Amino acid sequence: MRVNVVYASREPNRAAVILEALQSAGVSVTVAQRAKEVHGLLAHRGCDLLLIGSKLVDEDGVEFVKGLRTKGPAKQLPIVALVEHADAPVTSAAPTKHAYALFGKGGPSAPAAAPVSSKDRVSLRLAFFQAGADECLSLNWDTAECLARIKAVLRRTQASAPEELIKM
């Protein structure tokens, strides 16, 4: 079965090495630069994996992922974010103060909801994970590692063929 991937980014050339490696591995890659294009591709053709950059022409990548995770058939779509640098900070509207907050638990010493301050900055990688991405890769990482991580996400999320049961 051929794997279909959609790559959505304002600047698709930045991930050219990874996209070429995917194509040489037999993956079909379609590039889109606008959120509307991606929605159209998902609605009409579907895909097995969405690769997304930090920005689209008409929408922020993190906000786009949040939107996909809240509605429609793309709720379960595997999403891998490709970011320029692994440590670029982003201001978050609702930052997570402690790891416990990710799972809705207060934790042993977690304070009650604190007001958001200018010091509360979230890395772009963490913002994508909080929005619902399954993996977040940096474009400055080794291409082979990026491909291995993408294949791992596909393995975890693709439906396996049902085992044949023989009843006697």
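See the structure shown above.
Draft legend 1. Structural detail: the pairing of strand S2 (residues 28–32). Counting buried positions along S2 yields 4 of 5 residues, so the element is predominantly enclosed. Bridge count for strand S1 (residues 4–8) against S2 is 5 bridges, and the pairing is parallel. Each bridged residue has a counterpart across the sheet, and for Ala8 the counterpart in S2 is Ala32. On the question of chirality, the crossover connecting S1 to the parallel S2 by way of helix H1 (residues 16–24) is right-handed.

Draft legend 2. Spatial organisation of the environment of Phe129. Positionally, Phe129 belongs in helix H4 (residues 124–131). We classify Phe129 as partly exposed; its relative accessible area is 36%. Once the C-alpha coordinates of Phe129 and Val80 are considered, the two residues, 49 residues apart in sequence, prove to be 9.4 Å apart.

Draft legend 3. Highlighting the pairing of strand S4 (residues 79–83). Buried residues dominate S4, accounting for 5 of its 5 residues. Of the two faces of S4, the one lined by Ile79, Ala81 and Val83 and the one lined by Val80 and Leu82 are each fully buried. Of the strand pairs in this sheet, strand S3 (residues 49–52) and S4 are connected by 3 bridges, and their pairing is parallel. Bridge pairing in S4 links Leu51 to Val80.

Draft legend 4. Focus on the pattern of salt bridges. For the structure shown, the criterion picks out 8 salt bridges. Arg14 is the salt-bridge partner of Glu11, the closest N and O atoms lying 2.3 Å from each other. Between Lys55 and Asp60 there is a salt bridge; the shortest N-O distance is 3.9 Å. If you follow the salt bridges from partner to partner, you end up with Arg10, Glu11, Arg14 and Glu84 in one network.

Parameters at a glance
Along each chain, numbering runs from 1 in the same order as the chain's sequence is written. With pLDDT at 70 or above as the cut-off, local features in this predicted model cover only qualifying residues; side-chain atom pairs require 80 or more to be listed or tallied, and sums for whole chains, interfaces and linings still use all residues. Side-chain calculation: all heavy atoms of the structure are included, whereas hydrogens and water are not. Relative accessibility thresholds used throughout: buried, under 20% of the residue-type maximum; exposed, over 50%; partly exposed, between the two (1.4 Å probe, protein chains only). Runs of E in the DSSP output that reach at least two residues are strands. Runs of H or I that reach at least four are helices, and both are numbered from the N terminus. When DSSP finds two or more bridges between a pair of strands, those strands are recorded as paired. With the strands pointing away from the viewer, any crossover whose connection runs clockwise from the first strand over the helix to the second is right-handed. Salt bridges are identified by distance alone: a Lys or Arg side-chain nitrogen within 4 Å of an Asp or Glu carboxyl oxygen.

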